[in-house]
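So you can see what is in the structure, the chains are spelled out below.
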Amino acid sequence: MAPALLDLAHWSTWAVCAVIKLPQLAAVLAARSARGVSVGSLLLELAGFLVFLRYQIYYGYPLQTYLEYPIIIAQDVILLFFILRFSGNMKRALFYAVTFWGGWYMLTLRKWIIDLAMNLCTLISAASKLAQLRCLWQTKDSGQVSALTWSMSAYTCATRIVTTVMTTNDLAVLIRFITMLILNIWVTATILRYRRTKKTD
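What comes next is a walk through the structure.

## Some remarks on the pattern of salt bridges
Next up, step 1: Within this structure, the stated rule accounts for six salt bridges.
Next up, step 2: The partner of Asp 141 in a salt bridge is Arg 35, with the nearest N and O atoms 2.2 Å apart. Taken together, the positions of Asp 141 in the loop between α6 (111-139) and α7 (147-166) and Arg 35 in the loop between α2 (22-31) and α3 (39-58) put the pair 106 residues apart, joining distant regions of the chain.
Next up, step 3: Given a relative accessible area of 17%, Asp 141 falls into the buried group.
Next up, step 4: The class of Arg 35 is partly exposed, set by a relative accessible area of 38%.

And the structure:
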């Protein structure tokens, strides 16, 4: 039973993550606008994903436990590109690319750096969700923010809680996924709330 559950969690996570950002990307492209989408949130999310991926690779964790991260990172980069393009901030793209590339290599210069970064990764990822919530609260409009993308993120956090408990049992990773699950549900609920509010106006 346990191996079948683990395989189901892995495969369903990979399947969801293969398309996780597509609803958000489709909404931004269709509207040719990033209204309601927080650039700060996306940048923090990307930083958190890069740190998490680097940590998993550094400690030699099984590929199955983090295979979705390169896919999500690629989708985030594409989404960031279009958000910058539609907001007229393409000049910042090179700066962001250099910053993330340099950070990727600096993370493993010393063991204490990657360990500290992983502990801060939860805070960074939480800050990304809180930045999106702040944007929603300020505008009281979900705009082009995709509830489907955020709900899929909640699902993948739930499955990764299961896979972490069954494989590495890494407490820092487990705390991260529990925190992200709660915040992803909160963002999804907020998006749906403002979407309903807008429809009734």
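Here the narrative resumes, following the displayed structure.
## Some words on the packing of helix α1 (residues 2-19) against helix α4 (residues 68-87)
Next up, step 1: The N-to-C vectors of α1 and α4 enclose an angle of 10 degrees; their axes lie 8 Å apart at closest approach. The angle between α1 and α4 falls in the class roughly parallel. For the element pair α1 and α4, the recorded crossing hand is left-handed. Together, Thr 13, Trp 14, Cys 17, Ala 18 and Val 19 of α1 and Glu 68, Ile 71, Ile 72 and Gln 75 of α4 make up the contact between the two elements.
Next up, step 2: Here the residues of the contact of α1 with α4 sort into six nonpolar, two polar and one charged.

## Remarks on the layout of surface pockets
Next up, step 1: Counted as a void, the largest pocket has a volume near 330 Å³.
Next up, step 2: Lining the largest pocket are 15 residues, and of these Leu 46, Ile 73, Val 77, Ala 97 and Phe 100 lie nearest its centre.
Next up, step 3: Of all the secondary-structure elements, those providing two or more residues to the lining of the largest pocket are α3, α4 and α5 (92-106).
Next up, step 4: A volume near 190 Å³ is recorded for the second largest pocket.
Next up, step 5: When residues of the lining of the second largest pocket are traced back to their parent elements, those giving at least two are α3 and α5.
Next up, step 6: No other element matches the five residues that α5 contributes to the lining of the second largest pocket.
Next up, step 7: The residue makeup of the lining of the second largest pocket, split by class, is nine nonpolar, two polar and no charged.

## Remarks on a nonpolar patch on the surface
Next up, step 1: A cluster of nonpolar side chains, Leu 5, Leu 8, Val 162, Val 165 and Met 166, forms an exposed patch at the surface whose accessible area comes to about 400 Å².
Next up, step 2: Elements with a minimum of two residues in the nonpolar patch: α1 and α7.
Next up, step 3: Classification of Leu 5 as partly exposed rests on a relative accessible area of 39%.

## A few points about α1
Next up, step 1: Taking 1.5 Å per residue, 18 residues should reach 26 Å; α1 reaches 26 Å between its end C-alpha atoms and fits that length.
Next up, step 2: All of the buried residues along α1 are Leu 6, Ala 9, His 10, Ser 12, Thr 13, Trp 14, Val 16 and Cys 17.
Next up, step 3: Those residues of α1 that are buried are in contact with α4 and α7.

## Some points on the environment of Trp 11
Next up, step 1: With respect to the secondary-structure elements, Trp 11 resides in helix α1.
Next up, step 2: Here the alpha-carbon distance between Trp 11 and Thr 159, two residues 148 residues apart in the chain, equals 9.9 Å.

## Some details on the nonpolar core
Next up, step 1: In this structure, Phe 52, Tyr 69, Leu 80, Phe 100, Phe 177 and Ile 191 are the most contacted members of the largest nonpolar core, which totals 54 residues.
Next up, step 2: Elements that contribute at least two residues to this core include exactly α1, α2, α3, α4, α5, α6, α7 and α8 (171-200).
Next up, step 3: The element contributing the most residues to this core is α3, with ten residues.
Next up, step 4: Non-local contacts of Tyr 69, meaning those with residues more than four positions away in its chain, are made with Phe 49, Phe 52, Leu 53, Arg 176 and Phe 177.

## Describing the side chain of Thr 65
Next up, step 1: Of note, Thr 65 is situated in the loop between α3 and α4.
Next up, step 2: Here Thr 65 falls in the buried class, since its relative accessible area comes to 7%.
Next up, step 3: A polar side-chain atom of Thr 65 sits 2.6 Å from the main-chain carbonyl oxygen of Pro 62.
Next up, step 4: Apart from residues no more than four positions distant in its own chain, Thr 65 is found in contact with His 10, Gln 56, Arg 160 and Thr 167.

About the cut-offs
Residue indices begin from 1 for each chain and proceed along its sequence in written order. Totals for whole chains, interfaces and linings use every residue, but because this is a predicted model, local features are given only for residues with pLDDT of at least 70 and side-chain atom pairs only at 80 or more, for both listing and counting. Only hydrogens and water are set aside; all other atoms, that is, all heavy atoms of the structure, feed into the side-chain values. Salt bridge criterion: a side-chain nitrogen from Lys or Arg within 4 Å of a carboxyl oxygen from Asp or Glu. Here a helix means four or more residues in a row that DSSP labels H or I, a strand means two or more in a row labelled E, and each is numbered from the N terminus. To sort residues, take the accessible area from a 1.4 Å probe on protein chains only and compare it with the maximum for the residue type: under 20% means buried, over 50% means exposed, and anything in between is partly exposed. Where helices are involved, their axes are fitted lines through C-alpha atoms of the stretch in contact, as for all axes, and angles between N-to-C directions lie from 0 to 180°. Just so you know how the angles are binned, under 35 degrees is roughly parallel, over 145 roughly antiparallel, 65 to 115 roughly perpendicular, and the rest oblique. In this scheme the handedness of a crossing depends on how the near helix is turned from the far one: anticlockwise by less than a right angle means left-handed, clockwise means right-handed. Contact criterion: two residues are considered in contact whenever any of their non-hydrogen atoms come within 4.5 Å of each other. As a working rule, the residues Ala, Val, Leu, Ile, Met, Phe, Trp, Tyr, Cys and Pro are called nonpolar, Asp, Glu, Lys and Arg charged, and the rest polar, with Gly in that last group. In the cavity and pocket records, a cavity denotes points on a 1 Å grid over the protein atoms alone where a 1.4 Å probe fits but cannot get out, a pocket denotes an open set with protein on both sides within 12 Å along at least 5 of 7 lines, and lining residues are residues with an atom within 4 Å of a point. Grid points are joined across faces, edges and corners, and a volume is the space filled by probe spheres set on the points. In this analysis, a patch consists of residues with relative accessible area above 30% that form no salt bridge, clustered at 9 Å for like charges and at 5 Å for the nonpolar side chains Val, Leu, Ile, Met, Phe, Trp and Tyr. In these tables, accessible area is a Shrake-Rupley quantity obtained with a 1.4 Å probe, and a residue counts as shielded only by the protein chains included in the view. Multiplying 1.5 Å by the helix residue count minus one yields the expected span of that helix. We define the nonpolar core as a collection of buried residues of types Ala, Val, Leu, Ile, Met, Phe, Trp, Tyr and Cys that are connected through side-chain atoms lying within 4.5 Å of one another. For this analysis, a polar contact is any N or O atom pair within 3.5 Å, provided that within protein one partner can donate a hydrogen and the other can accept it, and provided that sequence-adjacent residues contribute only side-chain to side-chain pairs.

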